[in-house]
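Examination of the molecular architecture
Residues per chain are reported as follows:
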Amino acid sequence: MAEGKGTPVALRDRYLIYPERPLPELNAPNAQAFMAEDRREGGRSLFALISRPDLPTRTSVMRTLKGIQTAGLMQLNEWGVVYWPGAGRNLMALVYDRPAGGRVMAGMDAEFKRVDEYEIVRKAATPLINAMKETAQRNIVLRSIRPTNMFWMEPRDRIVLGDSALAPAAFEQPAVFETIETAMASPGGRGLGTFSDDLYALGVSLVMLMLGRNPVAGIDDYSLLQMKVAQTSYAVLVRDERLPLGMIEVLRGLLCDDPEERWTLETLDLWMSGRRLSPLQTKLDRRGARAYKFQNQDYYTCRELGMALVRHWDAGVVQVVEGRLELWLRRALEDKPRADTIAAVVRVAGDKRGAGDLALARSAMVLDPNAPIRYKTLSILPGGFGTALAISVAEQKEPKLWAECIIREVPKQWFENRTEYNPEWSQLDGTFKRLRNFLGQTAMGFGVERCLYDLNDTMPCQSPMVVKEYVLDLKELLPALDNAAKTADPKSWPIDRHIAAFIASRADFDIDKPLSSLSDADPSINSLAMLNLLALIQWRAGADARPGLGAWVAGLLGPAVAGFHSKERRQRMEKEIPKVGRTGNLVELFNLLDNAGERERDAYEFMNAQSEFNTIKQELTAIETGRVGRDDSARRLGQQIAAFVSAMVAMITLTALVVMELF
Amino acid sequence: MAKPKARGKAAPPPAPAKKGGGTMVLMLMGALAVPFSIPSIIVLFFSMLPTAVAALVERPPGRFAWLAVGGLNFAAVAPSLFGMWFGNHTVAAALTVLTDVTNLLMFYGAAAIGWTLYASMPSLTGVFLALGAQRRAGVLRDQQRKMLDLWGEDVAHLEE
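Since the structure is predicted, the reported quantities are computational estimates derived from the model, not experimental observations.

Residue and element names in this part refer to chain A. Put simply, helix α14 (residues 385-394) and helix α18 (residues 447-455) touch, their axes get as near as 9 Å, and they point 125° apart. Relative to α18, the element α14 lies oblique. The two elements α14 and α18 meet at a crossing, and its hand is left-handed. In this structure, α14 uses F385, G386, L389, A390 and V393 to contact α18, whose residues at the interface are C451, L452 and L455. Residue composition of the contact of α14 with α18, grouped by class: seven nonpolar, one polar and no charged.

A word on the packing of helix α11 (residues 324-331) of chain A against helix α12 (residues 336-349) of chain A. All names here are of chain A. Orientation of α11 relative to α12, taken along the N-to-C sense of each, is 165°, at an axis distance of 8 Å. With respect to α12, the axis of α11 lies roughly antiparallel. For the pair α11 and α12, the sense of crossing is left-handed. Judged by residue contacts, L325, E326, L329 and R330 of α11 engage K336, R338, A339, I342, A343 and V346 from α12. Tallied by class, the residues present in the contact of α11 with α12 amount to six nonpolar, no polar and four charged.

Once that is clear, we can look at the sheet that holds strand β2 (residues 15-22) of chain A. Strand pairing in a sheet relies on backbone hydrogen bonds, with the paired strands running either antiparallel or parallel. Residues and elements named next belong to chain A. Overall, antiparallel pairing links the six strands, which are arranged β1-β2-β3-β4-β6-β5 in an open sheet. The open sheet is flanked by β1 (9-11) and β5 (76-84), the only strands paired with a single partner. Adjacent strand axes in the sheet meet at a mean angle of 35° when their direction is disregarded. Summarising the sheet, strand β3 (residues 31-38) and strand β4 (residues 46-51) pair through six bridges and their orientation is antiparallel. Within the sheet, the bridge partner assigned to A31 lies in β4 and is S51.

The next thing to look at is the domain arrangement of chain A. Taken as a whole, chain A is organised into domain 1 (9-97), domain 2 (120-272), domain 3 (302-451), domain 4 (481-594), domain 5 (597-621) and domain 6 (629-663). Using C-alpha coordinates to define each centre, domain 1 of chain A is positioned 37 Å away from domain 4 of chain A.

Next up on the list: the pairing of strand β6 (residues 89-97) of chain A. Residues and elements named next belong to chain A. Buried residues dominate β6, accounting for seven of its nine residues. In terms of strand pairing, β4 meets β6 through five bridges, oriented antiparallel. From the neighbouring strand, F47 faces β6, where its bridge partner is Y96. Inspection of the sheet shows β5 paired to β6 by eight bridges, in the antiparallel sense. Bridge pairing links W84 to R89 in β6. Between the antiparallel neighbours β5 and β6 lie four residues, among them G88 with a positive phi of about 65°.

All names here are of chain A. Mapped onto the elements of the fold, S363 is located in helix α13 (residues 355-367). The exposure class of S363 is buried, given the 29 C-beta atoms found within 10 Å. A C-alpha to C-alpha distance of 37 Å links S363 and M132, two positions 231 residues apart in sequence. Ignoring anything within four residues of it in the chain, the contact list for S363 reads V320, L325, I342 and V345.

Taken together, the contacts link 36 residues of chain A with 40 residues of chain B. Within the residue set of the side of chain A that touches chain B, elements represented by two or more residues are α25 (567-583), α27 (596-624) and α28 (632-662) of chain A. Its residues assigned to classes, the side of chain A that touches chain B comprises 18 nonpolar, eleven polar and seven charged.

Cut-offs applied
- Residues numbered from 1 in each chain as written.
- Chains lettered and ligands numbered in written order.
- Predicted model: local features only at pLDDT ≥ 70, side-chain atom pairs only at ≥ 80, totals over all residues.
- Axes fitted to C-alpha atoms, helices over the stretch in contact; angles between N-to-C directions.
- Helix = DSSP H or I, 4+ residues; strand = E, 2+ residues; numbered from the N terminus.
- Parallel < 35°, antiparallel > 145°, perpendicular 65-115°, else oblique.
- Left-handed = near helix turned anticlockwise from the far one by under 90°.
- Contact = placed C-beta atoms within 7 Å.
- Nonpolar A, V, L, I, M, F, W, Y, C, P; charged D, E, K, R; others polar.
- Pairing = 2+ DSSP bridges.
- Domains from an automatic or database assignment.
- Buried ≥ 20, exposed ≤ 12 C-beta atoms within 10 Å, placed from the backbone.

The structure is reproduced here in structure tokens:
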């Protein structure tokens, strides 16, 4: 341990991270930077980024980036979960090579020394394009390309891209780096995005690098978006700035607002190799013959109007329902198909409760088919629903609107509004059907929690019992619960709604039966289902003993034991369960309680006993009510005895007479 | 043209084979024996009248009254019959038996005792059965207690 650096935290026994040596200049928006050291190679200059506890990270990106060595990316050496003393909990840590030249751009409003036209290709474009090509080959979309996330690896020598893995894709991107469609979505609802989105961000970054500042600094996100829609991104960002002629072509290509026309990595390759391509012509939306007046503003295009209507939602609903929008489309824009669709949307909506909201959501899709799904204050691209929910949970907000949007099948309408087929959308449509089904169920293992884990593969389990352990995988759950057993209330369950949903989402084995039994009203069934789930995980994840958890669970199995009718059996179980529980073997504990033969025998014997008890009861009632001796059987018996005695007297008399006469 | 369907009742089943051939033979033999046993029949007819009444008035099920009355009735008649069979088996002797008040008292008295026995025995049996039931109730309650100990209260609630 280096002197004066405090107690380090070890990552995979190789990298030491010093919590008392923060490096604020290397912080990411949602991660803090600290000094780090390699035990094997002491001379390396490293730093570590420590994640925020509540955001899902991109572990697949970490896995890929760890193996990549390219000039345009900050080298990721290692990643993993570490215990972070400052937070008193486990957190995700990433160890990077420390860039010696510092951050390229300190903040979105900051100015910095511009990269001149002779150096921009060599020092910035080439390394960044190479990094994108490397990651694209591995099917990784970076979604973090911006000068505030770029560093000089050596002073003014080569620019590298910083972290792309500690926050959801594009979550940290300022709206200026996002295309019109993704900028319309909330930062958490942008989805994974495409390579084309990365190329657009590269274009914006190159503009800023060449200018040494943000050309649209001080303009709020909505106004910027309006400007981009009205004038195109290129016009807004480049304006009258004096940029090298050689770069105009590439910037026009990268900043093209039509994703179909935007340059690809292949086009960039051609440009890098010296081929000059014909510049793209600016395309603007069709304008109406007269303006649509709304909220004291004039709107001429569908896209602008769509944005305005959803921004002022309640007023927008009135515009749609009263038919003003249809009229404008029909008369001013002369777009009959759109006008007809809007008319049909309003007609179908009728006077039902909340119909106006659905009508506006659908109308916004008709006005701008490529825009995100917009519903009240939500604005989410279909692929961004998972992150949006994760952010909502992280910010401890009720995802009520989110759930309402899915339950009312707004995404389904978005897919129905597509004019071309895309297999990804079919898959997503299926996902939304599944989510709607989950939201319709209130049982443990379903609901919003299930949606959260199903949509976010890397979301750590948010149960208060294990949240500090940063549980990402099912096999990490039992050790976390074993730790939690030390402080948990012994009467509380080790499975809550979050854990049940986490298990249901992460399990690659059949858990349908115990999961459905978990919410059974009968405590003997639900307690056994709880044990069953935990035992299944232990069996699948390996047979590590969990004595703390075992003892905790054993203490909760009273109702399951009570499920046995025989007192003798119950007593035997009550003796055995704590013993087995303390061994930490949940599988054995479950087998002890779920012995099918023993349960069947118990049920059969109990049924016989019930029947016997009932017979005795009836006999006793007969005795107690005095029916015995007074009923038909007693009378009949008396008559039989009388007849028998009489017949015997006659027989004896006859015999005696015969004997007397003969002898 | 289709044949018209048969109307009315179906053809009667074949007559069952005649039973009771043995009974007929016995009745025939009894009828042949009547001229030789008229005195006994006279005595039996009049002396066994209470038995006949008991047999006629009693309704099924059971029909033990004729046996209870008849057994003692016959036991009282049997000495007189034996006296006739092994002495003077004539109609005059039969009438002598029947006109003797002591004999009649004995015949009908025995029948009365038979009836009394038949009438009183059910009550007597009931008393004995009730006494046995009290002992049985104790045993049954003990058995229930053991079952409750072993299975708990639920054993008492039989689900239909």
